[in-house]
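Coordinates in review
This is what each chain is made of:
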Amino acid sequence: MPLAMSDERIDKYLLDDVDDELLEEAGDEGVPTIVVPEVSPYAHEPVPAGASTAGANPPAPAPEPAGAAVSEETSVPAPVPSPEVAPAPATRSREARLAEALDRLMEESVDVEASALVSLDGFIIASALPEGMQEDRVGAMSAAILALGERAAAELGRGQLTQVFIEGAEGYVLLVAAGGRAVLTVLARREAKLGLVLYDMRSAADTIAEILG
């Protein structure tokens, strides 16, 4: 025998049934459903309701500021070394150049046994004399011979003296002006060819005059 329900329970059952039917009808009429928004991992703004984040592209990185450090992978061209400048050769002294001129004279003329460059006052400027021959005596005699030759040429009306030629039993003494400041004295052997010796002396005298200025 079925139990009889009280009127209060019957009323509650009927109300619950009516509420369920009202909710179903409201859902069919398009009542908006509340959806909790999802937070995008790439932005602080919430993703709109119903939007899908699958396959969304991440935001592009911000451009680096000007003057940013260059990464290690960037190849920096090596600096080009400046060409090395060769040092200028040391300037030779005037004494060395004069001695070289005398040495060249004796090498080119095998008949020359000794040579000296003497100032008009009788002082040796440069010399290439054999061992045992005193420079001061050569200088003094060269100056005396030059002075006597100039006086003789002037008084005898021979003009300006250019060279002095002395012949002895054992050889020759030759003096040639080297510019206006010195005289070139040469001792030549007896068998010397005087023409070649004088030619070499004049060439050396021109070089010496250029060096002395």
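Higher on the page you've got the structure.
Quick summary incoming for the structure in this document. (Residues numbered from 1 in each chain as written. Predicted model: local features only at pLDDT ≥ 70, side-chain atom pairs only at ≥ 80, totals over all residues. Heavy atoms only, no water.)

1. What to know about the sheet that holds strand E2 (residues 124–128)
- Ordered in space as E2-E1-E5-E4-E3, the five strands form an open sheet in which the pairing is antiparallel. In the strand order of this sheet, the two ends are held by E2 and strand E3 (163–168), each with one partner. Sheet twist, expressed as the mean angle between neighbouring strand axes with direction ignored, is 15°.
- In terms of strand pairing, strand E1 (residues 112–119) meets E2 through four bridges, oriented antiparallel. Note that in E2 the partner of Leu117 across the bridge is Ala126.
- In the packing of helix H4 (residues 194–212) onto the sheet, contacts are made with E1, E3, strand E4 (171–178) and strand E5 (182–189), and the angle to E4 comes to roughly 30°. (Pairing = 2+ DSSP bridges. Helix = DSSP H or I, 4+ residues; strand = E, 2+ residues; numbered from the N terminus. Axes fitted to C-alpha atoms, helices over the stretch in contact; angles between N-to-C directions. Contact = heavy atoms within 4.5 Å.)

2. Remarks on helix H3 (residues 135–155)
- With 21 residues, H3 extends 30 Å between its outermost C-alpha atoms, agreeing within 8% with the 30 Å of an ideal straight helix rising 1.5 Å per residue.
- Listing the buried residues of H3 in full gives Val138, Gly139, Ser142, Ala143, Leu146, Gly149 and Ala153. Angular distribution of buried residues about the axis of H3 spans 135°; they occupy a single face of the element. In H3, those exposed residues whose orientation departs by more than 90 degrees from the buried face are Asp136, Arg137, Leu148, Arg151 and Glu155.
- Looking at the buried side of H3, the elements it contacts are E1, E2, E4 and E5.
- Downstream of H3 by a residue or two, Gly157 has a phi angle that is positive, lying close to 70°. (Expected span 1.5 Å × (residues − 1). Buried < 20%, exposed > 50% of the residue type's maximum accessible area, 1.4 Å probe, protein only. Arc of directions from axis to C-beta.)

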